[in-house]
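Topology and contacts: notes
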Amino acid sequence: TQQMDRVSEGDVTAREAVPGRDELCRMDQAMQMMCMNLSVRDYESACTIHSYKRFVPEKMAELLKRPVAEEIQLGDSRRIVGNVGLFSVGNRAEARNLLADDAFVDFINHSFGIFYDCITENHGWMVSGGLRLSAMEALFPGDPADGVRAGLDFLGRIQGKKTETIPEPRACLMLHKASFLYGVAGQEERLFPYLSSSELEFLGGYAGRLDEAGVRIAATEAYWEQLKGCGFAGRYIGFVSAGERAYK
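Residues numbered from 1 in each chain as written. Predicted model: local features only at pLDDT ≥ 70, side-chain atom pairs only at ≥ 80, totals over all residues. Heavy atoms only, no water.

Below, the discussion takes up the pairing of strand β4 (residues 171-187). With 13 bridges joining them, strand β1 (residues 77-89) and β4 adopt antiparallel strand pairing. Bridged to R79 within β4 is L181. Of the strand pairs in this sheet, β4 and strand β6 (residues 217-219) are connected by three bridges, and their pairing is parallel. When the bridges of β6 are listed, L173 appears paired with I217. Here β4 runs beside strand β5 (residues 190-196); their pairing, made up of seven bridges, is antiparallel. (Pairing = 2+ DSSP bridges. Helix = DSSP H or I, 4+ residues; strand = E, 2+ residues; numbered from the N terminus.)

Quick look at the structure:
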């Protein structure tokens with residue numbers, strides 16, 4: 001009865017069954033088998049959930065105002081205004097041309113690994129719908145200075161960690177206070193996260209030019225105004241315009 005109480009509370013640890021052939025012994029043997037089967041089921045469920053979490057973008061439920069990811073439904077979307085870092089790797093095409101397939105995959109993993117660590121350790125959230133070295137977005141919901149620190153951290157790690165088999169990523173980080181639509185689309189059986197922002201798409205088109213000019217971290221005026229008093233030094237390099245809108 002004590003073990004039955006523990007099982008009802010969630011403790012399904014099996015123990016050695018009491019030997020014998022009477023009704024109580026058979027009940028005990030059946031309970032131990034049940035506990036073993038439940039333990040196997042819990043292990044398989046935990047492995048499945050862990051595998052699924054690797055494919056679900058972090059903070060998706062929080063961004064879509066859902067308590068858990070399991071409650072996200074087709075068509076869920078939300079307009080968000082926040083500080084976004086748009087990360088790109090300028091030498092991705094060179095790496096693709098120079099490296100064999102396996103080495104290029106290592107280059108992608110190496111680049112993303114540094115980027116992910118720098119973003120998460122500086123309180124940022126990954127919001128990209130996919131792994132694209134041409135444009136990966138991160139949201140900095142707290143201190144705007146976190147975005148600059150993430151970029152400086154990335155540059156520092158590149159300088160401090162050299163590899164012999166693959167080139168180091170030549171990173172460019174653009175910081176902008178953007179309005180974007182975030183949600184999920186697709187079919188009930190297969191959902192895809194998406195991030196839609198004409199502002200970020202427009203600014204992302206200049207990442208290649210900034211990379212060629214040697215600019216590693218660039219912030220628009222809307223972002224830079226929030227950094228006053230944070231101790232960062234910068235210089236004005238110009239503006240770009242999209243129709244009636246201009247971004248300094």
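Once you've had a look at it, read on.
The subject of this paragraph is the pattern of salt bridges. Under the definition given, this model contains 14 salt bridges. Of the charged contacts, one joins R41 and D42 as a salt bridge, the two residues approaching to 3.9 Å between their closest N and O atoms. Among the salt bridges present, the one from R157 reaches D153, with a minimum N-O distance of 3.1 Å. Of this pair, R157 and D153 both sit in helix α6 (residues 145-160), four residues apart, which is roughly one turn of the helix. Judged by relative accessible area, D153 falls into the partly exposed class, the value being 22%. Beyond isolated ion pairs, a larger network of salt bridges with shared partners links E94, R170, D211 and R216. (Salt bridge = Lys/Arg side-chain N within 4 Å of Asp/Glu carboxyl O. Buried < 20%, exposed > 50% of the residue type's maximum accessible area, 1.4 Å probe, protein only.)

Attention now moves to the nonpolar core. Nonpolar side chains in soluble globular proteins tend to end up buried together. If you look at the biggest cluster of nonpolar residues, it comprises 27 residues, and the most contacted ones within it are F87, F107, F115, F140 and F154. If you list the elements that add at least two residues to this core, you get β1, α5 (101-121), β3 (136-140), α6 and β4. With seven residues, α5 is the single largest residue contributor to this core. If you look at the next biggest cluster of nonpolar residues, it comprises 16 residues, including I80, V84, F180 and L195. (Core = buried A, V, L, I, M, F, W, Y, C linked by side-chain atoms within 4.5 Å.)

This brings us to the packing of aromatic side chains. To describe a pair of aromatic rings, you give the distance between the ring centres and the angle between the ring planes. Under the defined criterion, the tally for this structure stands at six aromatic pairs. Ring plane angle 20° and centroid distance 4.2 Å describe the contact between F87 and F115, whose orientation is recorded as stacked. Linking F87 in strand β1 with F115 in helix α5, this pair joins segments that are 28 residues apart in sequence. With a relative accessible area of 3%, F115 lands in the buried category. Members of the aromatic cluster, connected to one another through ring pairs, are F87, F112, F115, Y116 and F154. Directly above the aromatic system of F104 lies the positively charged group of R96, at a separation of 4.5 Å from the ring centroid. Its guanidinium or amino end placed over the ring of F192, R190 lies 4.6 Å from that ring's centre, counting from NZ or CZ. (Phe/Tyr/Trp six-rings, centres within 6.5 Å; stacked < 30°, edge-to-face > 60°. Lys NZ or Arg CZ within 6 Å of the ring centre and 35° of its normal.)

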